[in-house]
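Take a look at the letters that make up each chain.
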Amino acid sequence: MTINHKRRLLLAGVGAGGLALSAAAVTAQNQERVIKVVAKKFDFTPGEIRLKKNQPVTLEFTTLDVVMGFALPDFGVRTDILPGTTARIRFTPDKAGQFPFHCDIFCGSGHESMTGTVIVT
Ligand SMILES: [Cu+2]
């Protein structure tokens, strides 16, 4: 009886620990925003990215056709976007406003219209 009781307590403790771990994982996921951005000739989707000031974000890029670039000069971030891979930029916007981004690798006639806006509130 005593052994069974201890075992039950032990199992209950393990169960509670598991719950605490998954709660922490959920909290971490909530804090880390991931926004997927798809590039193709000659635009980014979404073309408008809304972020919160001081909230870390990861932008995840893929391209549907050729090699592209993503540049967001106001925050000093850029990346190449290669077909068949996912490029990631993690940063924390530290100022509010509207900031232009653009493709900075020539990807064909129409490249110059590959622009968008990051809106930080
Ligand atoms: Cu381009």
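Residues numbered from 1 in each chain as written. Predicted model: local features only at pLDDT ≥ 70, side-chain atom pairs only at ≥ 80, totals over all residues. Heavy atoms only, no water.

A. Fine view of the pattern of salt bridges. Summed over the entire model, instances satisfying the criterion amount to seven salt bridges. A salt bridge links Glu60 to Lys36, with the shortest nitrogen-to-oxygen separation between them at 3.0 Å. Of the two residues, Glu60 is situated in strand 4 (residues 57-63) and Lys36 in strand 1 (residues 33-40); the sequence distance between them amounts to 24 residues. Judged by relative accessible area, Glu60 falls into the buried class, the value being 15%. Put simply, Arg50 and Glu48 hold a salt bridge, and the shortest N to O gap is 3.1 Å. By sharing partners, the salt bridges in this structure join Lys36, Glu60 and Arg88 into a single network. (Salt bridge = Lys/Arg side-chain N within 4 Å of Asp/Glu carboxyl O. Helix = DSSP H or I, 4+ residues; strand = E, 2+ residues; numbered from the N terminus. Buried < 20%, exposed > 50% of the residue type's maximum accessible area, 1.4 Å probe, protein only.)

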